[in-house]
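# Observations on the three-dimensional arrangement
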Amino acid sequence: MIKTIDEIIQLLDASLTAEDFTENKALLRSMLTQLRNESQLIDFKSEKMLKDKHVLNSLLKKTSEDLHLALKELQLRADELNTLLSTIPALVYFKDRELRYQLVNDAYMEFVEKPMKEIIGKQMEDIIPEHNEKEKYGHYEKLVLLKGEPIYNLEEKVTKNGEQLWIASNLAAVKNDQGEIIGLVGISWDITQARTYQNQLETAKDQAEEGTRAKSEFLANMSHEIRTPLNGIIGMSHILSNTELTEKQQEFVHILISSGDTLLSLINDILDFSKIEAGKIDFEEKDFELNTIIKDVYNVLSLKAEEKSLLFSFEPDNKIPQRFNGDEYRLKQVILNLTNNAIKFTDQGFVKVMINHLGSSKGYHELKFTVKDSGIGIPKDRLDQLFNAFTQVDASMTKAYGGTGLGLTISKKLVGMMEGKMGVESKLGQGSSFWFTVKLKYPENKTSADIIETENPSQQSMLDENLVVLLAEDNLVNQKIASYNLKQLGYRVEIANNGQEAIEKFKENEYNFILMDIQMPVMNGHDATKEIRRLEEEMAGRKHTPIIALTANAMRGDMERCFAVGMDAYLSKPFKSADLMNVLKEYIITD
């Protein structure tokens with residue numbers, strides 16, 4: 001534009017005459033028009049630049065405001081993080097890849113008793129020289145940096161001012177935007193008090209277990225000491241009842257037998273309750289037939305029902321499988337308990353046991369047992385107390401019917417352990433209906449007998465005779481009772497007064513059975529059984545002789561210990577002739 005103005009000035013200077021001006025007029029007009037256009041373009045651009053300037057200024061102002069807000073928000077977040085790190089009671093710290101401290105919170109500075117400036121850039125051994133397990137801890141820190149995987153609950157021992165402290169830590173890798181590990185963050189907390197409390201709990205637990213062991217030993221010893229004379233009382237009473245007695249004498253003997261049975265029931269209840277409360281009760285898993293349980297319960301209780309002229313019956317669903325897998329003894333114990341109670345509290349009418357199949361799923365059968373009677377019934381406001389330990393409906397029942405008040409408590413706990421439930425329905429003066437459910441596994445060994453018998457069981461037949469039994473027993477009364485019962489069943493009996501005598505007799509003779517007491521002088525029953533089993537292996541052609549434990553020991557593990565040394569069966573004192581007969585019949589050997 002300046003060049004055009006210079007050219008116009010030069011043309012005007014060269015136009016000295018009118019003719020020269022006329023000659024250059026058209027050129028001057030063209031140049032002035034061009035100059036005007038350029039001026040307009042400049043004005044347009046200038047105006048546009050001015051507008052752009054205003055827009056730019058607005059954008060810069062907005063950006064400045066946004067940046068100010070962002071910085072304010074960032075500062076707020078930083079303040080919040082700083083507040084969090086300052087107030088959190090845990091020890092928080094950040095380290096770089098060389099495991100040098102980059103940032104710690106107030107709790108960490110207070111713990112190490114150093115300010116931030118003396119911590120940043122330093123390593124752990126510089127900050128905590130008394131660290132007991134720094135090599136182990138450093139190893140885990142390097143592992144986090146190497147693999148990038150967090151480590152939780154890393155416990156370490158630290159000495160601070162001569163005091164031993166326990167610290168637990170969580171470690172995690174810190175990564176940048178590219179996912180590269182640039183350091184780690186750690187969070188630690190003092191667990192010294194918790195560890196002390198845990199040690200105290202373990203000590204208390206050990207003391208409690210020791211107390212439980214002492215109680216178990218006491219119960220075992222008391223059980224043995226009580227059962228041994230009780231075996232004599234009950235056994236001799238049964239023997240006496242089979243002699244010629246007057247009617248009055250028979251009544252007295254019956255009272256003796258009944259009192260002995262009651263005392264034995266009390267002992268068994270207390271032992272079972274003690275085992276359950278201590279969590280020491282075991283459940284067996286083996287195949288059994290439900291019909292066998294029905295027969296056993298019927299055989300045990302039918303005489304009691306008959307004495308009271310009660311109609312006693314079992315009514316199983318005819319579609320119930322006969323074989324199951326589970327604890328036959330515990331199931332029988334619950335049925336016996338409920339049925340015995342029903343007979344005890346029923347003076348006239350009936351007692352019946354109904355068994356129903358509720359369904360099958362996932363390898364289990366679910367059965368429901370209902371024991372219904374026409375007895376005295378229970379007040380509605382006392383039903384919820386029935387299953388409490390040492391509780392009966394009222395104090396007069398203890399005097400009238402006896403019992404510890406533990407039977408229902410034990411039964412309900414046993415049912416619960418078999419994944420079942422127990423309940424009761426009753427009306428005062430109109431009878432009661434106790435029910436429970438259990439889950440039993442399918443039998444491991446299938447048989448063709450899959451439906452239970454529906455008729456009531458009858459008494460079992462007597463054993464075969466002309467068998468010789470070795471009785472290893474040191475107590476004279478027990479010898480007489482066992483010998484009498486064996487002879488009544490048709491057996492010839494030889495006596496060994498201790499385990500060593502039993503071994504010597506075994507070497508010289510063959511026996512169909514050996515009844516082995518456990519606690520004997522010279523040699524106990526366990527050692528004698530092990531020696532007999534060793535001799536059987538050495539003596540060519542010698543058959544396996546069944547050895548049946550005959551003992552007053554009735555605590556948890558007694559049966560298992562007997563089986564472990566080679567015994568075949570277990571019979572707890574005091575025993576009845578029928579109990580002995582059933583065990584012997586199961587293990588009879590025929591040529």
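### Here's the deal with the overall build of the protein chain
Scanning the protein chain from terminus to terminus reveals 16 helices and 17 strands. In the protein chain, 64% of the contacts between residues at least 6 apart in sequence involve partners at least 24 apart. For the protein chain, the computed accessible surface area is about 34000 Å², with 53% contributed by carbon and sulfur atoms.

### Regarding the packing of aromatic side chains
Applying the stated criterion across every chain, the model contains seven aromatic pairs. Pairing F288 with F324 gives two aromatic rings, centres 6.2 Å apart and planes at 35°, and the pair type is tilted. Residue F288 is found in strand 6 (residues 286–289), and its partner F324 is found in strand 8 (residues 323–326); the two are separated by 36 residues along the sequence. Judged on exposure class, the residue F288 and its partner F324 are both buried. Both rings, one in F369 and one in F436, keep their centres 4.9 Å apart while their planes meet at 5°; by these two values the pair is stacked. One end of the pair, F369, is in strand 10 (residues 364–373); the other, F436, is in strand 12 (residues 431–441), and 67 residues separate them in sequence. The pair formed by F369 and F436 is uniform in burial state, with each residue classed as buried.

### Topic: helix 11 (residues 407–417)
What helix 11 keeps buried is the set G407, L408, T409, I410, S411, L414 and V415. With its phi angle positive at about 60°, E419 sits one or two positions after the end of helix 11.

### Here we look at unusual backbone geometry
One can expect most non-glycine residues to show negative phi and most peptide bonds to be in trans. We note that E419 has phi near 60°; this positive angle belongs to a residue other than glycine. Along the chain, the position of E419 falls in the loop between helix 11 and strand 11 (422–427). E419 gets classed as partly exposed once you look at its relative accessible area, which sits at 49%. Backbone geometry places V522, a non-glycine residue, at a positive phi of 70°. What makes V522 exposed here is its relative accessible area of 71%.

### Structural notes on the sheet that holds strand 5 (residues 181–190)
In space, the five strands of this open sheet follow the order 2-1-5-4-3, with antiparallel pairing throughout. Strands at the two margins of the open sheet, each flanked by one partner only, are strand 2 (101–104) and strand 3 (151–160). Put simply, the sheet's adjacent strands are angled 30° from each other on average, direction ignored. Bridge count between strand 3 and strand 4 (residues 163–175): eight bridges; the pairing is antiparallel. If you follow I151 over to strand 4, its bridge partner there is L171.

### Let's talk about the sheet that holds strand 13 (residues 467–472)
Here five strands make up an open sheet; going across it, the order is 14-13-15-16-17 and the pairing parallel. Sheet topology places strand 14 (491–496) and strand 17 (569–572) at the edges, where each strand pairs with a single neighbour. The average undirected angle you get between the axes of adjacent strands in this sheet is 25°. As paired strands, strand 13 and strand 14 are joined by six bridges and run parallel to one another. By the bridge assignment for strand 14, V468 is matched with R492. In the packing of helix 13 (residues 499–508) onto the sheet, contacts are made with strand 13, strand 14 and strand 15 (513–516), and the angle to strand 14 comes to roughly 130°. Across the sheet, helix 14 (residues 525–538) touches strand 15 and strand 16 (547–551), and the angle it forms with strand 15 is around 155°.

### Things to note about the confidence of the model for the protein chain
Should the pLDDT be low somewhere, the predicted coordinates at that spot are not to be read in detail. Summary statistics for the protein chain give a mean pLDDT of 79 and a share of 80% for residues scoring 70 or more. Here helix 10 (residues 395–401) stands out as the element of the protein chain with the lowest mean pLDDT, 46, in contrast to strand 10, whose mean of 94 is the highest. A low-confidence stretch, residues 398–402 (pLDDT under 50), is modelled with nine contacts involving residues beyond four sequence positions or located in other chains.

### Thoughts on the nonpolar core
With 40 residues, the main nonpolar core has L290, L331, F369 and F436 as its most contacted residues. Residue assignment for this core shows that the elements contributing at least two residues are helix 8 (290–307), strand 7 (311–316), helix 9 (328–344), strand 9 (350–361), strand 10, helix 11, strand 11 and strand 12. Considering every element that reaches this core, the biggest residue donor is helix 8, with seven residues. Grouped together as the second largest cluster of nonpolar side chains are 25 residues, Y93, A107, V112 and L154 included.

### Notes on the packing of helix 13 against helix 14
Helix-helix packing: each pair is described by the crossing angle between the helix axes and the interaxial distance. The N-to-C vectors of helix 13 and helix 14 enclose an angle of 20°; their axes lie 9 Å apart at closest approach. Comparing their axes, helix 14 and helix 13 come out roughly parallel. By crossing handedness, the relation of helix 13 to helix 14 is classed as right-handed. The residues of helix 14 that touch helix 13, namely those facing G499, I503, F506 and K507, are A528, E531, I532, L535 and E536.

### Topic: the side chain of S426
When you line up the elements, S426 lands in strand 11. A polar atom in the side chain of S426 sits 3.1 Å from the backbone oxygen of G431. For S426, the side chain forms a polar contact with the side chain of S432, separated by 2.7 Å. If we skip the residues at most four places from it in the chain, S426 touches G377, I378, L383, G431 and S432.

### Focus on the pairing of strand 10
Of the strand pairs in this sheet, strand 9 and strand 10 are connected by 10 bridges, and their pairing is antiparallel. Within the sheet, the bridge partner assigned to S361 lies in strand 10 and is Y364. Adjacent in sequence and paired antiparallel, strand 9 and strand 10 are bridged by two residues, among which K362 carries a positive phi angle near 50°. Of the strand pairs in this sheet, strand 10 and strand 12 are connected by nine bridges, and their pairing is antiparallel. Residue H365 lies in a different strand from strand 12, and its bridge partner there is L440.

### A closer look at the pattern of salt bridges
Throughout the structure, instances matching the rule amount to 14 salt bridges. Among the ionic pairs, E494 bridges to R492, the shortest N-O distance being 3.7 Å.

### What to know about helix 12 (residues 476–488)
Over its 13 residues, helix 12 runs 18 Å from end to end, which matches the ideal 18 Å to within 8%, given 1.5 Å per residue. With a side-chain oxygen lying 3.0 Å from the backbone nitrogen of V477, the N-terminal cap of helix 12 falls on N475.

### Examining the pairing of strand 15
The two faces of strand 15 match: F513 and L515 on one face and I514 and M516 on the other face are all buried. Bridge analysis of strand 13 against strand 15 gives four bridges, and the strand direction is parallel. Bridge pairing in strand 15 links V469 to F513. One ladder, built from three bridges, connects strand 15 with strand 16; its direction is parallel. Across the sheet, residue L515 finds its bridge partner in strand 16, namely I548.

The rules behind each value
Residues numbered from 1 in each chain as written. Predicted model: local features only at pLDDT ≥ 70, side-chain atom pairs only at ≥ 80, totals over all residues. Heavy atoms only, no water. Helix = DSSP H or I, 4+ residues; strand = E, 2+ residues; numbered from the N terminus. Contact = heavy atoms within 4.5 Å. Areas by Shrake-Rupley, 256 points an atom, 1.4 Å probe, with all protein chains shown as cover. Phe/Tyr/Trp six-rings, centres within 6.5 Å; stacked < 30°, edge-to-face > 60°. Buried < 20%, exposed > 50% of the residue type's maximum accessible area, 1.4 Å probe, protein only. Pairing = 2+ DSSP bridges. Axes fitted to C-alpha atoms, helices over the stretch in contact; angles between N-to-C directions. pLDDT = per-residue confidence, 0-100. Core = buried A, V, L, I, M, F, W, Y, C linked by side-chain atoms within 4.5 Å. Parallel < 35°, antiparallel > 145°, perpendicular 65-115°, else oblique. Left-handed = near helix turned anticlockwise from the far one by under 90°. Polar contact = N/O pair within 3.5 Å; in protein donor to acceptor, adjacent residues only side chain to side chain. Salt bridge = Lys/Arg side-chain N within 4 Å of Asp/Glu carboxyl O. Expected span 1.5 Å × (residues − 1).

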